[in-house]
Amino acid sequence: MRLSEIPVEGIPYDQLKIEKYTCTPEYAERPADLIPSGARAVVVNPNRTCMPLGAMWATMGLHKGIPFVQGAQGCTTYVRYTFSRVFKEPATIATASFHEDAAVFGGRRNLIEGIRNLVVRYRPEVIGICTTCSSEIIGDDMVSNIKAAKAKLREEIGREAADAVDIVLINTPSFAGSHVEGYDRASRAFVETLATRQTGPNHKVNIIPGLLYPGDIREIKHLLRHMGVEGITLFDISDPFDAPLRPPQKFPYEPPGGTTATEIRDMANSLATMALQPHAGQAGARYLERKYGVRALVGQTPVGVQGTDDFIRGLSEVAGLPVPEDLLDERGRLVDSLADTFHHTMMKKVAVMGDPDVVLSVTRFVLEMGMEPVALAGSSVSKTFVHSLREIFEEGEFTGDPLVINGGDLFEFEEYLKKLSRLDLVIGNSKAVDIAKELQIPLVRVGFPIYDRFGYQKRAIVGYRGGEILLADIVNSILGYQYPDDRTHQL
Amino acid sequence: MSLVRMKCNECIPERDKHMYVTGEEPVIPSCNIATLPGDMTERGCAFAGARGVIGGPITDIIAMVHSPVGCAWYTWGTRRHLSDQYAWATKDRLTNVAFNRRFCVTSDMQEKDVVFGGMKKLERACLEAIRLFPEAKGLIIFTTCTTGLIGDDVQAVARKVEKETGILVFAAQSPGCSGVSQSKGHHDFNTQFYRQVTELRERRPELKMREEEKTPYDVCLVGEYNMDWDLKVTRPLFEQLGLRIVSVFSGNERIENLVKMPDVKLNIVHCQRSAEYIAEMEKEGNGVPFIRCSLYGIHQTSKALREAARFFGLEERAEQIITGEMARIEKSIAFYREKLQGKKVAIYVGGPRVWHWIKLMEELGMTVVAGLCTFAHADDYEKINAKAGKGMLVIDAPNEFEIEEMLLDTKPDLFLCGMKEKHLGRKLGVPTVNSHSYEKGPYAGFAGMVNFARDLYQGIYAPVWKFQWGLNGGGETTDAAE
Ligand code: SF4
Ligand code: SF4
């Protein structure tokens, strides 16, 4: 029998006729006094998630690195689920499986047994122990627990094998910060525990990318290569979270790539550390500077012309190397693209949401396109977000007065957008999909999390080439939405 | 009886008692017990069971997650329990997704709330949420590890808020660490909801179904969560039979209808792991009998209709419906059966779907070579043993390593599993089908089975699997050998 012969291949939604019922007879304004996040206790549609996720993300970027979450199962399973949704990859993360007894007696036994069970089966090289709200409330003495876990390991698999496993503690109680801060704390915890001064300098540059996607990290490596700089990327998720389908795989499955513990050790001997997201990774860079005198360069994420210029300039300076012609050509191509498209971007009104560093760097880029930001929502509360935005506005000679949300929720953001008389575009992650659809304007996807479309985690928005991709996305979204007819035949 | 040992468990023999191969004598493995720390479990938390599985599908309540932000964020719009009740986005446009999946509402506890207690904040948050969402007919407070540990009395807050606003307010207290898996959360929700509904009906008898509204054919579908619109294919079957579905626990259901659960004549229980508790309580407390059923596959769906029909003396109509439905799907199913004949599948789900689907796979000519359950209890394994053929590997609360070994050992042509495991399967070159939220559902009932068969077919016959063996077709080694 052939497929074409069968009457139904299945029942698509349009055949199901789903009638929509309205909860209330008609639209009613939400009470104005409850719109600003600051005016209420309740959070509706949070723009951020919890701290352990950032620390798990970091640990997943290590070679043979496995996060171990000291808490109940949900805190781990939900994050694995989230990573799988976003990266379309497996995420091997262990949990201490707190049940009621741990809540009463503490999680010491869970940690000791858990580390043992994990190591004897998986033989990881690095374990990042992420605490959770529950273990922090219970008040587990993690330092002493880890010591006990190490002792147990030595007993079981011998001193040498046990000592080959680096165990790093990252305190991540969610009630004290977001996933962005979790990554930041991890950046410090790993270098603090592992980095060691060796006899001589290694002439390398440390890169702490922050919560950037595999595609972005690959683009950063491309820039380093062309500059002729050798780098150490801390938390290199580019291969673990974008692994090829290429059996036979190792058994058990071991994601390829990742930063090795040896590389982290060597970070103390580098020329400088460049943290590409001030809110996620700065802590590690600062620590290396204080402790080992490794210069910290903390700048905005290299998105767009000036963002990438800053990065390249910094790199050229710390490595003492000139910027090669081919990178200047790449820059030229991005500038050329801006010249080819500004008629479609200038004065367009745009709203940006996401992690603070994404909002900052993307805002800087849209100003380069002559767009007009009208609302900017940073996910995680930040001491510097508002000030940094002001600097970006000044640099871009932008005099508008957009709504700035520093750590508030998306409900406030969306209610504000709905009242605007005009908005052309939203730039942000998948949590903004409903907002954009309801406003019937395009959404350009950037940042974490993106789970409702394919491929965004694989491509870059950083660097000059990434800038061209993002610019094309923005321009094409505007064209598709505002010129549905044939006027685009002479673009 | 044959218990098995997997290679990966040589160093943690505690896991041995969780796995067996079906044979002459039925085995019940160790189940519903504590997870081994660090074993790379796939299990979730009790809160997930209460909030995600049962609370989530209710269409018109505010799900107030009393926790730091994460627990709430992770349960926002994830599971595909769809509903048809929409809020207004603007004056002339409805929201993009239905009310129950559009908003994530949480008390977002901060350090000071953890130190000084979160009840004040929770109360304020509830009152504000009720003002913000006039769409909601009720509010359920879900507790989490944090609020369980600090001991907030959310029941007291619930009563206070209900008094103040008149809106129905429930509490679902099921902190993540309170049980060994999601299953504890199902149980907690069932018992607490039953108790609170009973009290509510005493307090406010006007919420009961009025006598004149009742019909002799009133039923409730219990343990049906409307994954990817399953209800669009299953509900009409019962309605054509002449039954009136007063309430579904809890897929696409309004809270006011859930309060009327005790008013029906019969409960038809689909998911017998997560919701049989409430059916039992309805039977004991309110004298409502229940029947168990499966709405997957031709044989089982027909059986469900026949049994429901028998209860009400509507047998003839049931036969007509079955004949009609069969005529509709026969040819398509025959096509897929031809393609799927002889293929081997492994199924990894929460628990019940292993036994729900054994028969369905047989109907498509396939064999289940392995069945794995995250949170099954002894009765689930009894059901599996009753339905499985010989030689099926069964694993209770499997972990990632065991799943890999299972895939390598049993070599299924297809792996039915969840979001986390599917990418692992694919990396090992085994096609997968999302068995929780489905790929492109609905999968239930007669018509849904065609969708299911199609997705199984697509899984196995996708061209990609031909390319996975590298440039020279022999895997890595050949490529490197030049
Ligand atoms: S917010 Fe806290 S308790 Fe909730 S998932 Fe995150 S770490 Fe776990
Ligand atoms: S804190 Fe508890 S309730 Fe929240 S996700 Fe973690 S395990 Fe579940």
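Residues numbered from 1 in each chain as written. Chains lettered and ligands numbered in written order. Predicted model: local features only at pLDDT ≥ 70, side-chain atom pairs only at ≥ 80, totals over all residues. Heavy atoms only, no water.

Glancing now at the pattern of salt bridges. Tallying each qualifying case throughout the model produces 73 salt bridges over all chains. Across the salt bridge formed by Glu 42 of chain B and Arg 80 of chain A, the nearest N and O atoms sit 3.3 Å from each other. With Glu 42 of chain B in the loop between strand E2 (19-21) and helix H1 (46-55) and Arg 80 of chain A in helix H3 (residues 73-87), this pair bridges two chains. Residue Glu 42 of chain B shares its accessibility class with Arg 80 of chain A, and that shared class is buried. Among the ionic contacts, a cluster of salt bridges with common partners joins Glu 29, Arg 30, Glu 415 and Lys 419 of chain A together with Glu 135 of chain B. (Salt bridge = Lys/Arg side-chain N within 4 Å of Asp/Glu carboxyl O. Helix = DSSP H or I, 4+ residues; strand = E, 2+ residues; numbered from the N terminus. Buried < 20%, exposed > 50% of the residue type's maximum accessible area, 1.4 Å probe, protein only.)

Below, the discussion takes up the nonpolar core. Among the nonpolar cores identified, the biggest contains 191 residues, and Phe 83 of chain A together with Met 361 of chain B are the most heavily contacted of them. The residues touching Phe 83 of chain A, leaving out its near neighbours within four places in the chain, are Leu 53, Met 56, Trp 57, Met 60, Lys 88, Ala 91, Ile 93 and Phe 241 of chain A. (Core = buried A, V, L, I, M, F, W, Y, C linked by side-chain atoms within 4.5 Å. Contact = heavy atoms within 4.5 Å.)

Glancing now at the site of ligand 1. Every residue close to ligand 1 is listed here: Cys 50, Pro 52, Cys 75, Thr 132, Cys 133 and Ser 174 of chain A together with Pro 68, Gly 70, Cys 71 and Tyr 74 of chain B. More than one chain lines the surroundings of ligand 1; the residues nearby belong to chains A and B. A per-class count over the shell around ligand 1 returns 7 nonpolar, 3 polar and no charged. (Near = heavy atom within 4 Å. Nonpolar A, V, L, I, M, F, W, Y, C, P; charged D, E, K, R; others polar.)

It is worth spelling out the side chain of Ser 437 of chain B at this point. One can find Ser 437 of chain B in the loop between strand E18 (432-434) and helix H18 (445-461). Using a relative accessible area of 8% as the deciding quantity, one classes Ser 437 of chain B as buried.

So, on to the site of ligand 2. Ala 72, Gly 74, Cys 75 and Tyr 78 of chain A together with Cys 45, Phe 47, Cys 71, Thr 144, Cys 145 and Gly 176 of chain B make up every residue found near ligand 2. Near ligand 2, residues from chains A and B are present, making the site a shared one. Examining the composition of the shell around ligand 2, we find that 3 residues originate from one element, H3 of chain A, more than from any other. Broken down by class, the residue content of the shell around ligand 2 amounts to 7 nonpolar, 3 polar and no charged.

Here the focus is the packing of helix H12 (residues 298-312) of chain B against helix H13 (residues 315-340) of chain B. All names here are of chain B. In the contact formed by H12 and H13, the axes pass within 9 Å of each other and the chain directions differ by 165°. Our classification of the angle between H12 and H13 gives roughly antiparallel. Judged by the twist between their axes, the crossing of H12 over H13 is right-handed. Two secondary-structure elements touch here, H12 through Ile 298, Ser 302, Leu 305, Arg 306, Ala 309 and Arg 310 and H13 through Glu 315, Ala 318, Glu 319, Ile 321, Ile 322, Met 326, Ile 329 and Ile 333. (Axes fitted to C-alpha atoms, helices over the stretch in contact; angles between N-to-C directions. Parallel < 35°, antiparallel > 145°, perpendicular 65-115°, else oblique. Left-handed = near helix turned anticlockwise from the far one by under 90°.)

Residue and element names in this part refer to chain A. Strand order in the open sheet formed by 4 strands is E4-E3-E5-E6, and the pairing between neighbours is parallel. Looking at the sheet topology across the chains shown, the edges are occupied by strand E4 (94-95) and strand E6 (166-170). Bridge count for strand E3 (residues 65-70) against E4 is 2 bridges, and the pairing is parallel. When the sheet's bridge partners are listed, Phe 68 is paired in E4 with Ala 94. Across the sheet, helix H7 (residues 142-157) lies against E3, strand E5 (126-131) and E6, angled at about 165° from E6, the strand it touches most. (Pairing = 2+ DSSP bridges.)

Right, let's get into a nonpolar patch on the surface. Taken together, the side chains of Leu 245 of chain A together with Val 464 and Phe 467 of chain B make up a nonpolar region of the molecular surface, amounting to roughly 260 Å² of accessible area. Residue placement: Leu 245 of chain A occurs in the loop between strand E8 (231-233) and helix H11 (261-266). In this structure Leu 245 of chain A comes out as partly exposed when scored by relative accessible area, which is 31%. (Patch = residues over 30% accessible without salt bridge, like charges linked within 9 Å, V, L, I, M, F, W, Y side chains within 5 Å. Areas by Shrake-Rupley, 256 points an atom, 1.4 Å probe, with all protein chains shown as cover.)

Residues and elements named next belong to chain B. Helix length check: H12 (15 residues) gives 21 Å between terminal C-alpha atoms against 21 Å at 1.5 Å per residue, within 8%. When we look at burial in H12, the residues that qualify are Ile 298, Gln 300, Thr 301, Ser 302, Ala 304, Leu 305, Ala 308, Ala 309 and Phe 312. Downstream of H12 by one or two residues, Gly 313 has phi in the positive range, about 70°. (Expected span 1.5 Å × (residues − 1).)

Within the secondary structure, Ala 447 of chain B is located in helix H18. Among the residues examined, Ala 447 of chain B registers a relative accessible area of 4% and is labelled buried. Along the sequence, Ala 447 of chain B and Lys 112 of chain B sit 335 residues apart, while their C-alpha atoms lie 53 Å from each other. Ignoring anything within four residues of it in the chain, the contact list for Ala 447 of chain B reads Ile 11 of chain A together with Val 233, Glu 325, Arg 328 and Ile 329 of chain B.

The next subject is the domain arrangement of chain A. All names here are of chain A. Each domain of chain A was delimited in the assignment, giving domain 1 (49-244 + 254-299) and domain 2 (327-482). Here the C-alpha centre of domain 2 lies 30 Å away from the C-alpha centre of domain 1. Contacts between the two partners involve 28 residues from domain 1 and, on the opposite side, 28 residues from domain 2. Across the interface of domain 1 and domain 2, roughly 2300 Å² is buried in total on both sides, 59% from carbon and sulfur atoms. On inspection of domain 1 and its partner domain 2, the count reaches 2 salt bridges. Residue Lys 458 pairs with Asp 242 through a salt bridge whose shortest N-O separation is 2.6 Å. Our count for the contact surface shared by domain 1 and domain 2 stands at 14 residue pairs in polar contact (both at pLDDT 80 or more). Every element with two or more residues in the side of domain 1 that touches domain 2 is listed here: helix H2 (51-60), H3, helix H9 (179-194) and helix H10 (214-227). Per element, the largest residue contribution to the side of domain 1 that touches domain 2 is 9 residues, and it comes from H10. Counted by class, the side of domain 1 that touches domain 2 contains 14 nonpolar, 9 polar and 5 charged residues. (Domains from an automatic or database assignment. Buried area = accessible area lost by both parts, 1.4 Å probe. Polar contact = N/O pair within 3.5 Å; in protein donor to acceptor, adjacent residues only side chain to side chain.)

Moving on: the environment of Glu 372 of chain A. Residue and element names in this part refer to chain A. Looking at where Glu 372 falls in the secondary structure, it is placed in strand E12 (residues 372-378). Accessibility expressed as a relative area gives 27% for Glu 372, which makes it partly exposed. In this structure the C-alpha to C-alpha distance between Glu 372 and Val 350, which are 22 residues apart in sequence, comes to 6.0 Å.

Attention shifts here to the side chain of Asp 396 of chain B. Residue and element names in this part refer to chain B. Here Asp 396 is to be found in strand E16 (residues 393-396). The charged side chain of Asp 396 is buried without a salt bridge, its nearest counter-charge being Arg 43 at 4.5 Å. Ignoring sequence-local partners within four residues, the contact set of Asp 396 consists of Arg 15, His 18, Pro 29, Ser 30, Cys 31, Asn 32, Cys 373, Ala 376 and Tyr 381. (Lys, Arg positive; Asp, Glu negative; His and termini not counted.)

So, on to the packing of aromatic side chains. Enumeration over the complete set of coordinates arrives at 35 aromatic pairs over all chains. Each ring, one from Trp 57 of chain A and one from Phe 83 of chain A, has its centre 6.1 Å from the other, and the planes form 80°; the classification is edge-to-face. Here the residue Trp 57 of chain A occupies a position in helix H2, and Phe 83 of chain A occupies one in helix H3, the gap between them amounting to 26 residues. Both residues of the pair, Trp 57 of chain A and Phe 83 of chain A, belong to the buried class. Through a chain of ring-to-ring contacts, three or more aromatic side chains come together here, namely Trp 57, Tyr 78, Phe 83, Phe 87, Tyr 213, Phe 241 and Phe 448 of chain A together with Trp 73 and Tyr 74 of chain B. A cation over an aromatic ring shows up here: Lys 431 of chain A above the ring of Trp 73 of chain B, its NZ or CZ 4.8 Å from the ring centre. (Phe/Tyr/Trp six-rings, centres within 6.5 Å; stacked < 30°, edge-to-face > 60°. Lys NZ or Arg CZ within 6 Å of the ring centre and 35° of its normal.)

Residues and elements named next belong to chain B. If you trace the 4 strands from one edge of the open sheet to the other, you get E11-E10-E12-E13, paired in parallel fashion. The outermost strands of the open sheet, each flanked by one partner alone, are strand E11 (244-250) and strand E13 (290-292). Averaged over neighbouring strand pairs, the angle between their axes works out to 20° when direction is ignored. Bridge count between strand E12 (residues 266-269) and E13: 3 bridges; the pairing is parallel. Its bridge partner lying in E13, Asn 267 is registered against Phe 290.

Attention now goes to the pairing of strand E9 (residues 168-172) of chain B. Residues and elements named next belong to chain B. The element E9 is largely enclosed, with a buried count of 5 among its 5 residues. Neither face of E9 is exposed, since Leu 168, Phe 170 and Ala 172 on one face and Val 169 and Ala 171 on the opposite face are all buried. Sheet analysis places strand E8 (residues 138-143) next to E9, joined by 5 bridges and oriented parallel. Each residue of the ladder has a partner; that of Gly 138, found in E9, is Leu 168.

Facing 116 residues of chain B, the contacting portion of chain A comprises 107 residues. Summed over both partners, the interface of chain B with chain A buries about 9900 Å², with 61% contributed by carbon and sulfur atoms. On the chain B side of the interface with chain A, the three residues burying the most area are Trp 73, Tyr 74 and Lys 427 of chain B, jointly 9% of the side's total. Applying the counting rule to chain B against chain A returns 8 salt bridges.

Another aspect to go through is helix H14 (residues 352-363) of chain B. All names here are of chain B. In terms of burial, H14 is a largely internal element, 10 of the 12 residues being buried. Among the residues of H14, those classed as buried are Pro 352, Arg 353, Val 354, Trp 355, His 356, Trp 357, Ile 358, Leu 360, Met 361 and Glu 363. Directly after H14, the chain includes Gly 365, whose backbone phi takes a positive value near 85°.

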